[in-house]
Amino acid sequence: MEVSYDEALAVCIAHYAERGVEFQPRPPEEVFRIYRNIQKEKEDRKRVVIKEEIVCGMKIRRTELIDDTDPAASQ
């Protein structure tokens, strides 16, 4: 799906604003590159699961990738 420059710019501005950073004006090619990276980051976050467990009285967090090719792993 193609997006317009204005749509890509709006996503970039919102993404940076969530992090408390001002999005500085950039050439259109750069805005589209950043937009694609933001979209990739969002897709990657959908395939990550964080698991917590207690080991020796300490809380341990593990990050695991969900294997898209294995239906049992995604449940």
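I will try to describe carefully the structure that is included in this document.

Conventions we followed
Residues numbered from 1 in each chain as written. Predicted model: local features only at pLDDT ≥ 70, side-chain atom pairs only at ≥ 80, totals over all residues. Heavy atoms only, no water. Helix = DSSP H or I, 4+ residues; strand = E, 2+ residues; numbered from the N terminus. Expected span 1.5 Å × (residues − 1). Buried < 20%, exposed > 50% of the residue type's maximum accessible area, 1.4 Å probe, protein only. Arc of directions from axis to C-beta. Patch = residues over 30% accessible without salt bridge, like charges linked within 9 Å, V, L, I, M, F, W, Y side chains within 5 Å. Areas by Shrake-Rupley, 256 points an atom, 1.4 Å probe, with all protein chains shown as cover. Salt bridge = Lys/Arg side-chain N within 4 Å of Asp/Glu carboxyl O. Core = buried A, V, L, I, M, F, W, Y, C linked by side-chain atoms within 4.5 Å. Contact = heavy atoms within 4.5 Å. Phe/Tyr/Trp six-rings, centres within 6.5 Å; stacked < 30°, edge-to-face > 60°. Lys NZ or Arg CZ within 6 Å of the ring centre and 35° of its normal. Pairing = 2+ DSSP bridges.

Here we look at helix 1 (residues 5-18)
Helical geometry: 3.6 residues make up each α-helical turn, so side chains three or four residues apart lie on a common side.
Moving on, step 1. For helix 1, built from 14 residues, the straight-helix expectation of 20 Å at 1.5 Å per residue is met to within 8% by its first-to-last C-alpha distance of 20 Å.
Moving on, step 2. Turning to helix 1, its buried residues are Ala 8, Cys 12 and His 15. Buried positions in helix 1, seen along its axis, are confined to an arc of 65 degrees and lie on one side of it. Residues Asp 6, Ala 17 and Glu 18 are exposed on helix 1 and point more than 90 degrees away from its buried face.

Side note on a nonpolar patch on the surface
Moving on, step 1. There is a patch of nonpolar side chains on the surface, built from Val 48, Ile 50 and Leu 65 and spanning about 310 Å² of accessible area.
Moving on, step 2. Tracing the backbone through its elements, the reader meets Leu 65 in strand 2 (residues 58-65).

Some words on the nonpolar core
Moving on, step 1. If you look at the biggest cluster of nonpolar residues, it comprises 8 residues: Val 3, Ala 8, Cys 12, Phe 23, Val 31, Ile 34, Tyr 35 and Ile 38.
Moving on, step 2. Elements supplying a minimum of two residues to this core: helix 1 and helix 2 (28-46).
Moving on, step 3. Sorting elements by how many residues they give to this core places helix 2 first, with 4 residues.
Moving on, step 4. In this structure, Ala 8 is in contact with Val 3, Val 31, Phe 32 and Tyr 35, ignoring residues within four places of it in sequence.

Thoughts on the packing of aromatic side chains
Moving on, step 1. With the rule as written, the count across this model stands at 2 aromatic pairs.
Moving on, step 2. Summarising the aromatic geometry, the rings of Tyr 5 and Phe 32 are spaced 6.2 Å apart at their centres and angled 70 degrees between planes, so their arrangement reads as edge-to-face. In this pair, Tyr 5 sits in helix 1 while Phe 32 sits in helix 2, placing the two residues 27 residues apart along the sequence.
Moving on, step 3. Their ring planes at 65 degrees and their centres at 5.0 Å tell us that Tyr 16 and Phe 23 sit as a pair that is edge-to-face.
Moving on, step 4. Note on Tyr 16: relative accessible area 23%, which makes it partly exposed.
Moving on, step 5. Over the ring of Phe 23 we find Arg 26, and its NZ or CZ is 4.7 Å from the ring centre.

Description of the pairing of strand 1 (residues 48-55)
Looking along a regular strand, one sees the side chains alternate between the two faces of the sheet.
Moving on, step 1. When strand 1 meets strand 2, the two strands line up antiparallel, connected through 8 bridges. The partner of Val 55 across the bridge, within strand 2, is Met 58.
Moving on, step 2. Linking two consecutive strands that pair antiparallel, namely strand 1 and strand 2, is a turn of 2 residues; a positive phi of about 55 degrees is found at Cys 56 within it.

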